[in-house]
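Overview (structure and organization)
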Amino acid sequence: MIAVVMVLIGLGVGYFLRKNIAEGKINQAETEAARIIADGEREAESRKKEALVEAREEIHKLRSDMDKENKDRRNELQRMERRILQKEEHLDKKIEGIEQKEEILQRRESELSISKERIEVLHEKQLAELERISGMTYDEAKHVLLDTVEQEIRHETAVMVKDLEQQAKEEADKNAREIISAAIQRCAADHVAESTVSVVALPNDEMKGRIIGREGRNIRALETLTGIDLIIDDTPEAVILSGFDPIRREIARIALEKLIVDGRIHPARIEEMVEKARKEVEQTIRDAGEQAAFEADVHGLHPEVIRILGRLKYRTSYGQNVLKHAVEVSHLAGIMAAELGADVALAKRGGLLHDLGKALDHEIEGTHVQIGIDVAKKYHESVAVQNCIGAHHGDEEFASPEAVLVAAADAISAARPGARRETLENYLKRLAKLEEIAESFDGVEKCFAIQAGREIRVMVKPEKVGEPESVLLVRDIIKRIEDELEYPGQIKVVVIRETRAVDYAK
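In short, a report on the structure.

1. Some thoughts on the overall build of the chain
- In terms of regular secondary structure, the chain is built from 14 helices and eight strands.
- Against the compact-globule benchmark of 23 Å for 506 residues, the chain has a radius of gyration of 60 Å, which places it well outside the compact range.
- The burial tally for the chain puts 30% of its 506 residues in the buried class.
- When contacts within the chain are restricted to residue pairs at least 6 apart in sequence, long-range pairs at least 24 apart make up 62% of them.
- Working note: accessible area of the chain is about 34,400 Å², and carbon and sulfur atoms make up 54% of it.

In C-alpha cells form, the structure reads like this:
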C-alpha cells in the first residue's frame, strides 16, 4: 500500500511538475510568437514605407524624364518652326524677285520686239541701199561672197594638204626605205637578156649540109618534131634556132648538139635525139622547180605545180628571167612580211607562185594572172595564195596584207635598175603619153619627161596656178598617170612655178 501510495504520489508530483513545465514553455512560446509577430509587423511596415518611398522616387524620376523629353521635343519643334518660317520668308523673297524679273523680262521682250522691227526696217533700207550702190542683187552678192569663201577654203585646204602630205611622206618614206632597203640588201638575183633565138656552134661548115640532108628531109624532120625554125645562112660554123617557145627551142638545141656529136643525122635518129632531149629538158624543168621552191623555202607544193614553176626557167619578161624573178619576189615579200609582223610563209608562197600563169600562157588562152589563179585553184592552193596571184597586177582587190606585199615585191623586183629592159617603141610611147597627160591640164605651159621616164617636170603659168594650187595639180597629174599608164616602179612628178619681175632703169 505504501508502495502504491508512493507511486500515486510520484505520479501526482510528476503530473504537476510536467504541467508547470508545459505551461511555462507554452507561455514562453506565446511570448516569443507575439514578439516575432510584432517584429514582422514592424519590418513589414518598414518595408512598406521603403517601397512607397522607392515608388515615389521612381515616379518622380519618370516624371522628370518625361518633362525633360517633352521640353526637348518642344525645343526641337520650335527650332523646326523657326526654320520653316525662315524658308517661307526666303521663298517669298525669291518669288517676289522672280516676279520682278518676269516683269523686267516682259518689258525687255517688248522692247526687243520693237527693236527687232526697227532693225528689220533698217536692214531692208541698208540692203536696198547696198544693192543700189553695188549694182548687184542680194543673190548675186551672196554668190560672189560664196565664191570668195570657196577660194579661201581651197587655198587653206591646199596648204593643209601640203603640210599633212609632207609629214606623212617623211614618216612613210623613212619606214619604207628601211624595210625595202633591208629586203633588197638581203636579196639579189641574176637576170639574162630576153632572146628568141639560140645559136648552135658547128665543128665545120660541112655539117650544115648534113643537117639539111637529102632534099632537106633532115631539117624538115627536126623542125616538125621541135616546132622550131632552123636558120642556116652564111654565118660561119653556126646554125640559128628561132622560136618564141623557149622550151621547144631548148629541146631543139640539145637535140641538135647531140646529133652533131653523134654524127649520125637522119630522120629516125633525129626523132630519137629529140625524145631524149625532151626528157632531159623535162627533168631539168623539175629540178629547176624544186630548186626554186627550196631557195624560196616554200614546202608542200603539188608536183605538177613544181613542174609548171620549173618551166619559168626558160621564160623571160622584158629581159628578166621569170623564175629568178619569182624567187626574188618570194624573198622580198618574206623579208617585208617579217619586218611588218605579217604571215611570212604566205607571203613567200604567194610571191613564188604569183607569175605561175606565164609558164602556160603560150598554150592556154587568157592572161597569165587568170591562168595562174586557175592552176592554183586546180591544185588546191589556199584562197589567200590565189588572191596574191590575182591581185599583184590589180585584177582583184587585196584580201590580205600579204597580197599587198607580194604586189610591192613584184614592183620592186621589176623596177630594180638593170632588172628589165624595154623596147624602144614602148619606151617612146610611154614618154609621149606621159607628156601628153601633163599638158592636158589647164595652166601647164611646158613639160619634160626625164630620167628615162622616171620623172616628169611640169612648168606652169604663175598667173593661173598659185603655190597652193600646185599641190592639187601634182595630185591630179599623179592620179591620171596611175589610171592611164602602165609602168614599172614609180614616176616622180615635179611642178615648177616661177614668177619673174622684170623692169628697166632709164
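2. Thoughts on the packing of helix H8 (residues 322-340) against helix H9 (residues 344-353)
- At a minimum axis distance of 7 Å, the contact between H8 and H9 shows a crossing angle of 160°. Taken as axis vectors, H8 and H9 run roughly antiparallel relative to one another. Judged by the sense of rotation from one axis to the other, the crossing of H8 with H9 is right-handed. Each of Ala326, Val327, Val329, Ser330, Ala333, Gly334, Ala337 and Ala338 in H8 lies in contact with H9, whose residues at this interface are Val344, Ala347, Lys348, Gly351 and Leu352.

3. A closer look at the pattern of salt bridges
- For the coordinates displayed, the defined rule picks out 23 salt bridges.
- For the salt bridge of Arg47 with Glu43, the shortest nitrogen-to-oxygen distance reads 2.8 Å. One end of the pair is Arg47 and the other is Glu43, both in helix H1 (residues 2-134) and four residues apart, which spans about a single turn.
- Assessed through its relative accessible area of 54%, Arg47 is described here as exposed.
- The salt bridge partner of Arg278 is Glu275, with a shortest N-O separation of 3.4 Å. Of this pair, Arg278 and Glu275 are both found in helix H6 (residues 267-296), three residues apart, which corresponds to roughly one turn of the helix.
- Judged by relative accessible area, Arg278 falls into the partly exposed class, the value being 34%.
- Here the salt bridges share partners, and the residues they tie into one network are Asp262, Arg264, Arg269, Glu272 and Lys276.

4. Some words on the pairing of strand S1 (residues 197-201)
- The alternating pattern of S1 places Ser198 and Val200 on a buried face and Val197, Val199 and Ala201 on a face that is not buried.
- As defined by bridge partners, S1 adjoins strand S3 (residues 238-242) across five bridges and the pair is classed as antiparallel. Within the sheet, the bridge partner assigned to Ala201 lies in S3 and is Ala238.

5. Notes on the sheet that holds strand S2 (residues 229-231)
- Across the sheet, three strands lie side by side as S1-S3-S2; this open sheet has antiparallel pairing. Of all the strands in the sheet, just S1 and S2 have a single pairing partner and so form its edges. Going across the sheet, the axis of each strand differs from the next one's by a mean of 25°, ignoring polarity.
- Note that S2 and S3 share three bridges and pair antiparallel. Looking at the pairing, Asp229 lines up with Ser242 of S3.

6. Overview of the environment of Glu397
- Of note, Glu397 is situated in the loop between helix H11 (383-391) and helix H12 (401-415).
- C-alpha of Glu397 to C-alpha of Glu124: the two residues are 273 residues apart in sequence and 59 Å apart in space.
- Apart from residues no more than four positions distant in its own chain, Glu397 is found in contact with Asn387 and Ala391.

7. Description of the sheet that holds strand S7 (residues 455-460)
- In spatial order, the strands read S6-S7-S8; together these three strands make up an open sheet with mixed pairing. Single-partner strands in this sheet number two, and they are strand S6 (444-450) and strand S8 (492-497). Going across the sheet, the axis of each strand differs from the next one's by a mean of 20°, ignoring polarity.
- Examined bridge by bridge, S6 and S7 share six bridges and lie antiparallel to one another. From the neighbouring strand, Phe448 faces S7, where its bridge partner is Arg457.
- Where helix H14 (residues 467-484) meets the sheet, its contacts fall on S6, S7 and S8, and the angle it forms with S8 comes to roughly 150°.

8. Quick word on helix H7 (residues 303-311)
- Burial analysis of H7 places seven of its nine residues in the buried class, the great majority of the element.
- Val305, Ile306, Arg307, Ile308, Leu309, Gly310 and Arg311 are the residues of H7 that are buried.
- Residues of H7 that are buried make contact with helix H5 (246-262), H6, H8, H9 and helix H10 (368-378).

9. Regarding the nonpolar core
- Among the nonpolar cores identified, the biggest contains 29 residues, and Leu301, Ile308, Leu309, Leu352, Leu353, Leu356 and Val375 are the most heavily contacted of them.
- Top element by residues in this core is H10. It accounts for five residues.
- Ignoring sequence-local partners within four residues, the contact set of Leu356 consists of Val305, Ile308, Leu309, Leu312 and Val375.
- Membership of the second largest hydrophobic core comes to 27 residues, among which are Ile219, Ile254, Ala277 and Ile285.

10. What to know about a negative patch on the surface
- The grouping of Glu88, Glu89, Asp92, Glu96, Glu99, Glu102 and Glu103 at the surface amounts to a negative patch.
- With respect to the helices, strands and loops of the structure, Glu103 is situated in helix H1.
- Glu103 sits in the partly exposed class, given a relative accessible area of 45%.

11. Side note on unusual backbone geometry
- Even without being glycine, Glu215 reaches a positive phi, approximately 55°.
- Summarising the element assignment, Glu215 is placed in the loop between helix H3 (206-212) and helix H4 (217-226).
- You can call Glu215 exposed: its relative accessible area is 71%.
- For His380, which is not glycine, the phi torsion reads 65° and is therefore positive.
- The exposure class of His380 is exposed, given its relative accessible area of 71%.

The rules behind each value
Residues numbered from 1 in each chain as written. Predicted model: local features only at pLDDT ≥ 70, side-chain atom pairs only at ≥ 80, totals over all residues. Heavy atoms only, no water. Helix = DSSP H or I, 4+ residues; strand = E, 2+ residues; numbered from the N terminus. Rg over C-alpha atoms; globule rule 2.2 N^0.38 Å. Buried < 20%, exposed > 50% of the residue type's maximum accessible area, 1.4 Å probe, protein only. Contact = heavy atoms within 4.5 Å. Areas by Shrake-Rupley, 256 points an atom, 1.4 Å probe, with all protein chains shown as cover. Axes fitted to C-alpha atoms, helices over the stretch in contact; angles between N-to-C directions. Parallel < 35°, antiparallel > 145°, perpendicular 65-115°, else oblique. Left-handed = near helix turned anticlockwise from the far one by under 90°. Salt bridge = Lys/Arg side-chain N within 4 Å of Asp/Glu carboxyl O. Pairing = 2+ DSSP bridges. Core = buried A, V, L, I, M, F, W, Y, C linked by side-chain atoms within 4.5 Å. Patch = residues over 30% accessible without salt bridge, like charges linked within 9 Å, V, L, I, M, F, W, Y side chains within 5 Å. Lys, Arg positive; Asp, Glu negative; His and termini not counted. Charge placed at Lys NZ, Arg CZ, Asp CG, Glu CD.

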